[in-house]
Amino acid sequence: MKLKDEKVSKKSRKPSISTIMYVVASIVAIAGVTILVNNIILFRNTVNQYVAQGFDYAMVAKQLIPVQLLPGICEPVALYGGMSFALLGIGAINKNTSKSLILLTKGDDCNDIIEESILLEEDTLKENVSDIQNEEVTEQEETKEEATQETAEEVKEITL
């Protein structure tokens, strides 16, 4: 019982790995959003600098959107979003797996109890069988003694 109590107390002390995965996924998602906002602000500042130099806004936007804005949006969404979703998925899988393992462990405990009761039953059966065999042996010995006594009495009668 002490071993199970120690396992429970150790689990309650340290946070589960699933919770850690969820926290890390949140941090990665926040980092991705921060980089996304930073790239959008950088695009806006770059366009404003070109417009201040005298270029037409439409022409600058037409040139910089495919080169600077789209990669600046797609990269953080794909990279950081993918990592955060992967961490969330791993955390969920770990949580479900942990629950399943706990259920299996409880089942193993029940199996151990059943096996112990079966072993006890086998021991009692062996004891009962040995008792019966001992009784049979004593009965056989008693019948041999009775037969010998009867034979001895018959021999005495014949000799007299």
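Residues numbered from 1 in each chain as written. Predicted model: local features only at pLDDT ≥ 70, side-chain atom pairs only at ≥ 80, totals over all residues. Heavy atoms only, no water.

K.L.:
Pulling in residues and values, what's your account of the nonpolar core?
P.N.:
One finds Phe43, Val47, Val60, Leu64 and Leu69 forming the largest nonpolar core, which totals 5 residues. The element that contributes the greatest number of residues to this core is helix 3 (residues 57-159), accounting for 3 residues. Residues within four places of leucine 69 in sequence aside, it is in contact with Ile40, Phe43 and Leu64. (Core = buried A, V, L, I, M, F, W, Y, C linked by side-chain atoms within 4.5 Å. Buried < 20%, exposed > 50% of the residue type's maximum accessible area, 1.4 Å probe, protein only. Helix = DSSP H or I, 4+ residues; strand = E, 2+ residues; numbered from the N terminus. Contact = heavy atoms within 4.5 Å.)

K.L.:
Tell me what's going on with a nonpolar patch on the surface, and back it up with residues and numbers.
P.N.:
On the surface, Val33, Val37 and Ile41 cluster together into a nonpolar patch covering about 230 Å² of accessible area. For valine 37, the position within the fold is in helix 2 (residues 17-52). When its relative accessible area of 42% is taken as the criterion, valine 37 is described as partly exposed. (Patch = residues over 30% accessible without salt bridge, like charges linked within 9 Å, V, L, I, M, F, W, Y side chains within 5 Å. Areas by Shrake-Rupley, 256 points an atom, 1.4 Å probe, with all protein chains shown as cover. Salt bridge = Lys/Arg side-chain N within 4 Å of Asp/Glu carboxyl O.)

K.L.:
Describe helix 2, with residues and values.
P.N.:
Residue pairs three or four apart in sequence face the same way in an α-helix, which turns once every 3.6 residues. Taking 1.5 Å per residue as the helical rise, helix 2 with its 36 residues ought to reach 52 Å, and the 52 Å between its terminal C-alpha atoms agrees with that figure. After helix 2 finishes, the residue glycine 54 shows a positive phi value of roughly 110°. (Expected span 1.5 Å × (residues − 1).)

K.L.:
Lay out a negative patch on the surface in plain terms, naming residues and giving numbers.
P.N.:
Negative charge collects at one region of the surface, where Glu121, Glu122, Asp123 and Glu127 lie side by side. Within the secondary structure layout, glutamate 121 lies in helix 3. (Lys, Arg positive; Asp, Glu negative; His and termini not counted. Charge placed at Lys NZ, Arg CZ, Asp CG, Glu CD.)

K.L.:
Any chance you could break down the confidence of the model for the chain for me, citing the residues and the numbers?
P.N.:
Chain-level pLDDT for the chain is 80 on average; 66% of the residues reach the 70-or-more range. Mean pLDDT across the elements of the chain bottoms out in helix 1 (residues 2-13) (51) and peaks in helix 2 (95). (pLDDT = per-residue confidence, 0-100.)

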